[in-house]
Amino acid sequence: MALEVESTDVIRLIQQYLKENNLLRSLATLQEETAIALNTVDSVESFVSEIHNGHWDSVLQAIQSLRLSDKKLIDLYEQIVIDLIEMRELGAARSLLRQTDPMIKLKEQQPDRYLHLENLLARPYFDPKEAYPDGSSKEKRRHAIAQALSSEVTVVPPSRLLALIGQALKWQQHQGLLPPGTSIDVFRGKASVKGEEEEKYPTQLNRTIKFGQKSLVECACFSPDGQYLVTGTIDGFIEVWNFVTGKIRKDLKYQAENNFMLMDDAILCLCFSRDSEMLATGSQGGKIKVWKLQSGQCLRRFEHAHTKGVTSLCFSRDSSQLLSASFDHTIRIHGLKSGKTLKEFRGHTSFVNKAIFSADGHQIISASSDGNVKIWSAKTTECLTSVKPAIGNVTTDITINSVLLLPRSVDHFIVCSRTSTILIMNMQGQIIRSFTSGKREGGDFTCCSISPRGEWIYCIGEDRVLYFFNTSSGKLEGTLTAHDKDVIGVEHHPHQNIICTFSEDCQLRLWKP
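Remember, predicted model here, so these are calculated numbers, not experimental data.

On to the pattern of salt bridges, then. In this structure the tally under the stated criterion is 20 salt bridges. Measuring nitrogen to oxygen at the nearest pair gives 2.8 Å for the salt bridge that ties Glu-78 to Arg-113. On the criterion of sequence distance, the pair formed by Glu-78 in helix α5 (residues 70–86) and Arg-113 in helix α8 (residues 111–122) is long-range, its members being 35 residues apart. For Arg-113, a relative accessible area of 23% corresponds to the partly exposed category. For Arg-123, the salt bridge is made with Glu-130, and the minimal N-O distance between the two is 3.0 Å. Classification of Arg-123 as partly exposed rests on a relative accessible area of 29%. Of the residues examined, Glu-130 reaches a relative accessible area of 21% and is grouped as partly exposed. The network of salt bridges with common partners includes Lys-71, Asp-75, Glu-78, Arg-113 and Arg-141.

This is the structure in structure tokens:
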């Protein structure tokens, strides 16, 4: 189930960690800046017992990290001073009375009560009747202080932060997202690989997810954190899957209750924000919705994002803007805060099949059925470069299916066109390298994907075959028949050697080495 975690609880978990690790200055600063008090003790019973027995050194140590009202602190310190006077520890009593904040506040707020303590300190003897007027006593005062302070504190099990992280990791193991024996990089939220896992191309079918004829998968993508596989179908449903088991994720409360993210018509494209928190979906009707994945809540609607189907979506690096492309020949940038279209890029004369931000976010690269790859200024919307890639002897306009950034390269990107050749180009529009299947007919590529470190390019042909190109050697290293009917798309997992393909045979298939 998706749970909302209170920010105050998170701060208290951090405060407990700081306290347990004796980082008291950091704890005090955090409490002061957030105005959130930890106020926990190891045991309320022991805390009360220490007060009843006058073990003030332990009590003072325990209250160091507590936020208590001035009144309760004054009552406590007053009793400690009286007890010290009774034991004739006059030097300690004098220091406490004249140098501690609660006693200085007592002097300012109730001078007569403070003077009473000074008089007790000056006496050569201790008189309980003088110390406790109005029929009170040491025991009664200690009992009252214990009651007042115990109502301010709570007990929590030790090391809650580490325990919760441990429970989360166990759940991930249970879900199959963290294979047994794998260590985790908690800070990055990823399974840390020993060294770096060798990138290998798939050789076997690992899992098949079947869909009905009316719920054909039009698009799919893995979340950047590697936790989720999301599909968008022709009937408008957006579903989140456990790609290990091939089943719907029921740990998301809304899906467990059969309340799915939904649009009015076919979902043509999906994309995640970098932190995997938000999911954007584009529909055949030209609408865009932005969702919070954990809750299934729709955060933002763009009802008139485009006049025709939305073919491609891409979040900006800071997730404040959304880049979209469409069958209406335009590319647009939408503001998530304003909910408005901020910029429009015009120049393509046919469908824009893909638009992505460059690695630095300053340019936009687009692919169109008019045969052009264009590079635009994200700031001014000016077209900086327009290239019609020359592939072999073909001179007619070749549909450019998609463009992908080449991992670990700031200047290079991959161009997939409706030919049997894949290109690597630079931001100046020059062809750096090409990969070809060698198939003359019936093997034109329809879509492609790339491995996380860019060592492999995976292409799907019209012949339903998945081709694996090694980017180092430039060779076609292998093929496999992916589906029985035309393949719609291919996606690579962001960290693991897992590829998903989806087809008009109403199946999504997951492949492994």
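With that out of the way, let us pick up helix α4 (residues 56–63). Looking at α4, one finds that the buried residues are Trp-56, Val-59 and Ile-63. Down the axis of α4, the buried set is contained in an arc of 60°. They therefore lie on one face. Structural note: α4 exposes Asp-57 and Gln-61 on the side pointing more than 90 degrees away from its buried face. Structurally, α4 contributes buried residues whose contacts are with α3 (44–52), α5 and α10 (138–150).

Our next topic: the pairing of strand β28 (residues 476–481). Two elements, strand β27 (residues 465–470) and β28, share five bridges in a ladder whose sense is antiparallel. Looking at the pairing, Phe-469 lines up with Leu-476 of β28. Hairpin connection, β27 to β28: the antiparallel pair is bridged by five residues, and Gly-474 has positive phi, about 80°.

On to the pairing of strand β19 (residues 373–377), then. Judged by how many residues are buried, β19 sits mostly within the fold: five of five residues are covered. Every second residue of β19 is oriented toward a common face, with Val-373, Ile-375 and Ser-377 on one face and Lys-374 and Trp-376 on the other, all of them buried. Summarising the sheet, strand β18 (residues 363–368) and β19 pair through five bridges and their orientation is antiparallel. Along β19, the bridge assignment pairs Ala-367 with Val-373. Between β18 and β19, which follow one another and run antiparallel, lie four residues, and Gly-371 among them has a positive phi close to 90°. Looking at chain direction, β19 and strand β20 (residues 383–387) are connected through four bridges and run antiparallel. Considered in β20, the bridge of Lys-374 is made with Ser-386.

Okay, the nonpolar core next. In this structure, Phe-47, Ile-51, Ile-63, Leu-76, Val-81, Met-103 and Leu-117 are the most contacted members of the largest nonpolar core, which totals 34 residues. Only α3, α4, α5, α6 (90–99), α7 (101–109), α8 and α10 provide two or more residues apiece to this core. Among the elements that make up this core, the one with the highest residue count is α5 (nine residues). What Leu-76 contacts, discounting residues up to four positions off in sequence, is Trp-56, Val-59, Ile-63, Ile-145 and Leu-149. Val-230, Leu-270, Trp-291 and Cys-298 belong to the second-largest nonpolar core, a separate cluster that totals 17 residues.

When we look at a pair of aromatic rings, we describe it by the centre distance and by the angle of the planes. Tallied over the entire structure, the rule returns eleven aromatic pairs. Summarising the aromatic geometry, the rings of Tyr-201 and Phe-468 are spaced 4.7 Å apart at their centres and angled 20° between planes, so their arrangement reads as stacked. With a gap of 267 residues between them, Tyr-201 in the loop between β2 (190–192) and β3 (204–210) and Phe-468 in strand β27 connect regions that are remote in the sequence. Ring geometry for Phe-327 and Phe-351: centres 4.8 Å apart, planes at 70°, overall edge-to-face. Of this pair, Phe-327 sits in the loop between β14 (321–326) and β15 (331–335) while Phe-351 sits in the loop between β16 (341–345) and β17 (352–357), and the two are 24 residues apart along the sequence. The class for Phe-351 is partly exposed, based on a relative accessible area of 37%. Taken together, Tyr-201, Trp-456, Tyr-458 and Phe-468 form an aromatic cluster joined through their ring pairs.

Moving on: the environment of Phe-468. Judged by its relative accessible area of 1%, Phe-468 falls in the buried class. Residues Phe-468 and Leu-336 lie 132 residues apart in sequence; the distance between their C-alpha atoms is 37 Å. Ignoring anything within four residues of it in the chain, the contact list for Phe-468 reads Tyr-201, Pro-202, Trp-456, Ile-457, Tyr-458, Lys-475, Leu-476, Glu-477, Gly-478, Thr-479 and Leu-480.

We now examine the layout of surface pockets. To find the voids left in a structure, one rolls a probe of water-molecule size over its atoms. In this structure, the second largest pocket encloses a volume near 500 Å³. The wall of the second largest pocket is formed by 19 residues, among which Gln-64, Leu-66, Arg-67, Leu-68 and Leu-73 lie closest to the centre. Looking at the lining of the second largest pocket, the elements with two or more residues in it are α2 (24–34), α5 and α7. Looking at the lining of the second largest pocket residue by residue, the classes come out as ten nonpolar, four polar and five charged.

All right, on to the sheet that holds β19 then. Strand order in the open sheet formed by four strands is β17-β18-β19-β20, and the pairing between neighbours is antiparallel. Across the chains shown, the open sheet's two edge strands, defined by having one partner strand only, are β17 and β20. Within this sheet the neighbouring strands show an average axis-to-axis angle of 15°, counted without direction. As paired strands, β17 and β18 are joined by five bridges and run antiparallel to one another. The residue of β18 that forms the bridge with Ala-355 is Ser-366.

Reading guide: rules and limits
- Residues numbered from 1 in each chain as written.
- Predicted model: local features only at pLDDT ≥ 70, side-chain atom pairs only at ≥ 80, totals over all residues.
- Heavy atoms only, no water.
- Salt bridge = Lys/Arg side-chain N within 4 Å of Asp/Glu carboxyl O.
- Helix = DSSP H or I, 4+ residues; strand = E, 2+ residues; numbered from the N terminus.
- Buried < 20%, exposed > 50% of the residue type's maximum accessible area, 1.4 Å probe, protein only.
- Arc of directions from axis to C-beta.
- Contact = heavy atoms within 4.5 Å.
- Pairing = 2+ DSSP bridges.
- Core = buried A, V, L, I, M, F, W, Y, C linked by side-chain atoms within 4.5 Å.
- Phe/Tyr/Trp six-rings, centres within 6.5 Å; stacked < 30°, edge-to-face > 60°.
- 1 Å grid on protein atoms, 1.4 Å probe; cavity = no way out; pocket = protein on both sides within 12 Å on 5 of 7 lines; lining within 4 Å.
- Points joined across faces, edges and corners; volume = space filled by probe spheres on them.
- Nonpolar A, V, L, I, M, F, W, Y, C, P; charged D, E, K, R; others polar.
- Axes fitted to C-alpha atoms, helices over the stretch in contact; angles between N-to-C directions.

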